Amino acid sequence: MMEDGFLEPQRALTAVSDFVAEGLADGAESAALDAVAAEFKLRMTPAMRGAVRRAGDPVAAQFVPDAREMHPGLTHRYPDRVILHTTHSCEVYCRFCFRREVVGEDGPLPAADLEAALDYIAATPAIWEVILTGGDPMTLSPRRLRAIMDRLSAIPHVDVVRLHTRVPVVAPEKVTEALVAAITAKSGGRPVIYVVVHTNHAQELTDAARAALARLAGAGIPLLSQSVLLRGINDSVAALEDLFRSLIRNRVTPYYLHHCDLAKGTAHFRTTIAEGQALMAALRGRLSGICLPTYVLDIPGGHGKVPIGAGYLEPEGAGWQVTDWQGRTHRYDDPAR
Ligand SMILES: *Cc1c(COP(=O)(O)O)cnc(C)c1O
Ligand code: SF4
């Protein structure tokens, strides 16, 4: 068969270069595909090559390697950032955890998987930011963390490394000098390191937790927070106000308030979205803008996170109706151009 000018090959395709030569894989992705091939065998018979009508069609998609196959420890959903699941362990196991089916399983990512993930990051120039999560990356030893940070620092296109952790709050004694040194940029200030602290209630911010946050902030590490909106825990204006003000007092900028995920056995923690929006609307105006995180929903099915805060703007005729922080509405028209 000579469809699309492809020559029917006489032998099976077994290497990335074979797939590239056949026009089935993109040569620009060779490095990332080599990482896939290092992990998983490739083989496509002449019969199946002959059945392909065009690159990416239903036959091709079954046999052509794809960078998305990588890696056990990697989630690459958005083009510019990737999540590296460094470990399954946490210092606490939260009852509402959205990853509760995988956390606590078998500790750190196996060395071979970590290597493969780092190779993939190095081979994918679009990756600007690497997010270390888990489990909780701060449960790793300082030595292990330093090794990961060193590898990431050597990748020129990685400008930001972000750690998502609950350790500074739930096990503040683990934020030692060695741990802080392990995650501090060595020289030249790159990559920039951000720590995103997961905390849900001001009562978690004990003296020891505040001291741990001060050690991180004192080392020049920008601190953000993420919280989960939880029924009976922080679903009141007073609880959220206290939490967000306490965070700012400790040099932590509130980043995300997550709507509670649909994880199994967590229904008793979940509010409705309307309740979350009402809380955010009540906080707007009452609380300094720097205290207010973005209320987000992780759309079930892996479709990403979106802001779901109260709408302040509605189309009205040729213009807009805007709602102010006290709930009064106003008309706004874009000036004629
Ligand atoms: C949340 C998330 C990120 C990070 O998103 P930001 O909006 O940049 O904080 C990246 N990848 C996946 C898969 C995520 O769920
Ligand atoms: S610390 Fe985070 S990942 Fe670990 S159990 Fe709690 S919510 Fe889940």
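Residues numbered from 1 in each chain as written. Chains lettered and ligands numbered in written order. Predicted model: local features only at pLDDT ≥ 70, side-chain atom pairs only at ≥ 80, totals over all residues. Heavy atoms only, no water.

Novice: Describe the environment of Pro 222, and please don't skip the residues or the numbers.
Specialist: Structurally, the position occupied by Pro 222 is in the loop between helix 9 (207-218) and strand 6 (223-228). A residue is classified by how much of its surface remains accessible, and Pro 222, at 29% relative accessible area, is partly exposed. It is 5.3 Å that separates the C-alpha atoms of Pro 222 and Tyr 194, two residues lying 28 residues apart in sequence. Beyond its immediate stretch of four places on either side in the chain, Pro 222 contacts Ile 193, Tyr 194 and Val 195. (Helix = DSSP H or I, 4+ residues; strand = E, 2+ residues; numbered from the N terminus. Buried < 20%, exposed > 50% of the residue type's maximum accessible area, 1.4 Å probe, protein only. Contact = heavy atoms within 4.5 Å.)

Novice: Pulling in residues and values, what's your account of empty space enclosed by the protein?
Specialist: As enumerated under the stated definition, the model contains 2 cavities of 30 Å³ or more in all. Here the second largest cavity is characterised by a volume of approximately 40 Å³. Around the second largest cavity, the lining residues are Thr 86, Pro 108, Leu 109, Leu 114, Leu 140, Arg 144 and Ile 148. Here the residues of the lining of the second largest cavity sort into 5 nonpolar, 1 polar and 1 charged. (1 Å grid on protein atoms, 1.4 Å probe; cavity = no way out; pocket = protein on both sides within 12 Å on 5 of 7 lines; lining within 4 Å. Points joined across faces, edges and corners; volume = space filled by probe spheres on them. Nonpolar A, V, L, I, M, F, W, Y, C, P; charged D, E, K, R; others polar.)

Novice: How would you summarise helix 10 (residues 237-249) if you had to cite specific residues and measurements?
Specialist: Taking 1.5 Å of rise per residue, 13 residues should cover 18 Å, and helix 10 covers 18 Å from first to last C-alpha, within 8% of that figure. All of the buried residues in helix 10 are Ala 239, Leu 240, Glu 241, Leu 243, Phe 244, Ser 246 and Leu 247. For helix 10, the secondary structure elements touched by its buried residues are strand 6, strand 7 (252-258) and helix 11 (273-283). Directly after helix 10, the chain includes Arg 251, whose backbone phi takes a positive value near 65°. (Expected span 1.5 Å × (residues − 1).)

Novice: Kindly report on the site of ligand 2, identifying the contributing residues and their values.
Specialist: Near ligand 2, the surroundings consist of Cys 90, Val 92, Tyr 93, Cys 94, Cys 97, Val 103, Arg 166 and His 198. For the shell around ligand 2, a count of residues per class yields 6 nonpolar, 1 polar and 1 charged. (Near = heavy atom within 4 Å.)

Novice: Lay out unusual backbone geometry with the relevant residues and their values.
Specialist: The step from Gly 134 to Gly 135 runs through a cis peptide bond, and the omega angle for that step is 5°. Mapped onto the secondary structure, Gly 135 falls in the loop between strand 3 (129-133) and helix 6 (142-153). Within the chain, Arg 251 stands out as a residue other than glycine whose phi angle is a positive 65°. Here Arg 251 shows up in the loop between helix 10 and strand 7. Of the residues examined, Arg 251 reaches a relative accessible area of 51% and is grouped as exposed.

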